[in-house]
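# Examining the three-dimensional arrangement
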Amino acid sequence: MADQTHVLFVEDDDVIREATQLALERVGFAVTAMPDGLSGLEAFRADRPDIALLDVMVPGMDGVSLCRRIRDESTVPVIMVSARADSIDVVLGLEAGADDYVTKPFDGAVLVARIRAVLRRFGHAGGGDRADADDPPVGGVLTFGELEIDTDGMEVRRAGRPVALTPTEMRLLLEFSTAPGTVLSRDRLLERVWDYGWGGDTRVVDVHVQRLRGKIGQDRIETVRGFGYKLRA
């Protein structure tokens, strides 16, 4: 298991849990599958997986609460699973710290692609490396008012105090920092930060921008209605 990407999957439906586990193992993932939130939390603490796949509606401790508990302890990537694309649970999961979500019923190949996309963003070897000419350049400290971004150490400070960001939030901030004052569309951010080569739900962007604002300052990222967001230089 040490050489494999380890997925924690929490799902109470026996058929979905077993079928998904088999599909993920078939493509080389190691999978720990749990039927409820409490056992999922125990497995997370015991195994420290590379990524967590959490169904929203599981007994004992729902997926949103489990995501919050995981996020209190770790920056490991989290994907929420929801039965309805228009459910408020999607937003709640993202606000709880999830990096992405998928909706049921899902195609196994699509799920694998989404997992690998998240892992690439986190620099995990099991997800493949993403290094190309379009990646945000690194090197040095960028300063925007009281905000400092150390692109070598991947650290952020606000008014001299450290700011704790998840890897997805850091990638989002780096994307803004490469073009301060320039409006970035939600579609571009989905492609560059979430690695979506296809259409995605822009709520993912909106919630992450909201979370990022709460950490670096509400006025630092400006909404340009009808177009997207920009970082105030």
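Residues numbered from 1 in each chain as written. Predicted model: local features only at pLDDT ≥ 70, side-chain atom pairs only at ≥ 80, totals over all residues. Heavy atoms only, no water.

### Thoughts on the packing of helix 6 (residues 167-177) against helix 8 (residues 203-216)
Under the convention used in this document: Here, axes are lines fitted to C-alpha atoms. For helices the fit covers the stretch in contact, and angles between N-to-C directions go from 0 to 180 degrees. Helix and strand definitions here come from DSSP, where helices need a minimum of 4 consecutive H or I residues and strands a minimum of 2 consecutive E residues; each element is numbered from the N-terminal end. We call two directions roughly parallel when the angle between them is under 35 degrees, roughly antiparallel when it is over 145, roughly perpendicular when it lies between 65 and 115, and oblique otherwise. Two residues form a contact once any of their heavy atoms are found within 4.5 Å. Just so you know the grouping, Ala, Val, Leu, Ile, Met, Phe, Trp, Tyr, Cys and Pro go in nonpolar, Asp, Glu, Lys and Arg go in charged, and all remaining residues, Gly too, go in polar.
In contact at an axis separation of 10 Å, helix 6 and helix 8 are set at 85° when each is read in the N-to-C sense. Relative to helix 8, helix 6 is oriented roughly perpendicular. Between helix 6 and helix 8, the contacting residues are Thr168, Glu169, Leu172, Leu173 and Phe176 on the first element and His208, Val209, Arg211, Leu212, Lys215 and Ile216 on the second. Along the lines of polarity and charge, the residues of the contact of helix 6 with helix 8 split into six nonpolar, two polar and three charged.

### So, the environment of Thr20
Note the threshold: Note on exposure labels: buried denotes an accessible area under 20% of the residue type's maximum, exposed denotes more than 50%, and partly exposed covers the range between, all computed with a 1.4 Å probe on protein chains only. We call two N or O atoms a polar contact when they sit within 3.5 Å, provided that within protein one can donate a hydrogen and the other can accept it, with sequence-adjacent residues counted only if both atoms are side-chain atoms.
Its place among the elements puts Thr20 in helix 1 (residues 14-26). What makes Thr20 buried here is its relative accessible area of 6%. For the pair formed by Thr20 and Ala33, sequence separation is 13 residues and the distance between their alpha carbons is 9.2 Å. Ignoring sequence-local partners within four residues, the contact set of Thr20 consists of Phe9, Phe106 and Leu111. A polar atom in the side chain of Thr20 sits 2.7 Å from the backbone oxygen of Ile16.

### A look at the pattern of salt bridges
Where side chains of opposite charge bring their charged atoms close, a pairing between them can arise. Stated precisely, the cut-off is as follows: Throughout this description, the term salt bridge denotes a Lys or Arg side-chain nitrogen within 4 Å of a carboxyl oxygen of Asp or Glu.
Tallied over the full model, the rule gives 19 salt bridges. As a salt-bridge pair, Arg45 and Glu73 come within 2.6 Å of each other at their nearest N and O atoms. Placement of the pair is Arg45 in helix 2 (residues 37-47) and Glu73 in helix 3 (residues 63-73), with a sequence separation of 28 residues. Measuring nitrogen to oxygen at the nearest pair gives 3.0 Å for the salt bridge that ties Asp55 to Lys104. Within this pair, whereas Asp55 is found in strand 3 (residues 51-55), its partner Lys104 is found in the loop between strand 5 (100-103) and helix 5 (108-121), the two being separated by 49 residues in sequence. Looking at Asp55, the relative accessible area reads 3%, which means it is buried. Judged by relative accessible area, which is 18%, Lys104 ranks as buried.

### A look at the confidence of the model for the protein
Worth spelling out the cut-off: For every residue, the pLDDT score states the predictor's confidence, bounded by 0 at the bottom and 100 at the top.
Chain-level pLDDT for the protein is 88 on average; 89% of the residues reach the 70-or-more range. Model confidence for the protein, summarised as mean pLDDT per element, is weakest for helix 4 (residues 88-95) at 87 and strongest for strand 1 (residues 6-10) at 98. Every residue in residues 125-134 scores below 50 in pLDDT, and together they form 14 contacts with partners more than four places removed in sequence or on other chains.

### Side note on the sheet that holds strand 4 (residues 78-82)
This is how the line gets drawn: Criterion used throughout: strands pair if DSSP finds at least two bridges between them.
Read across the sheet, five strands follow the order 2-1-3-4-5 without closing on themselves; strand pairing throughout is parallel. What marks the edges here is a single partner per strand, and that holds for strand 2 (30-34) and strand 5. Pairwise comparison of adjacent strand axes, ignoring direction, gives a mean angle of 20° for this sheet. Sheet topology note: the strand 1/strand 3 ladder contains four bridges and is parallel. Residue pairing in the sheet places Leu8 in a bridge with Ala52 of strand 3. Helix 5 rests against strand 3, strand 4 and strand 5 of the sheet, and its axis sits at about 180° to strand 5.

### Structural notes on the sheet that holds strand 9 (residues 161-163)
Strand order in the open sheet formed by four strands is 6-7-8-9, and the pairing between neighbours is antiparallel. Looking at which strands have only one partner, the edges of the open sheet turn out to be strand 6 (141-144) and strand 9. Pairs of neighbouring strands in the sheet enclose a mean axial angle of 25°, with direction left out of account. Its contacts with the sheet put helix 6 on strand 6, strand 7 (147-150) and strand 8 (155-158), and the angle it makes with strand 7 is roughly 105°.

### Observations concerning helix 5
Put simply, the test is: The length a helix should cover is 1.5 Å for every residue beyond the first.
For helix 5, built from 14 residues, the straight-helix expectation of 20 Å at 1.5 Å per residue is met to within 8% by its first-to-last C-alpha distance of 20 Å. The set of residues buried in helix 5 consists of Leu111, Val112, Arg114, Ile115, Ala117, Val118, Leu119 and Arg121. Here the buried face of helix 5 lies against helix 1, strand 3, strand 4, strand 5, helix 6 and helix 7 (186-193). Measuring from the side-chain oxygen of the N-cap residue of helix 5 to the backbone nitrogen of Ala109 gives 2.9 Å; that N-cap residue is Asp107. Following helix 5 by one or two positions, Gly123 has its phi on the positive side, about 70°.

### Some thoughts on unusual backbone geometry
A cis amide bond links Lys104 to the next residue, Pro105, at an omega of -5°. As for its position among the elements, Pro105 is in the loop between strand 5 and helix 5. Although it is not a glycine, Arg48 adopts a positive phi angle of roughly 45°. Looking at the element boundaries, Arg48 is found in the loop between helix 2 and strand 3. In the Ramachandran plot, Met154 falls in the positive-phi region, its phi being about 55° despite a non-glycine side chain. With respect to the element layout, Met154 can be found in the loop between strand 7 and strand 8.

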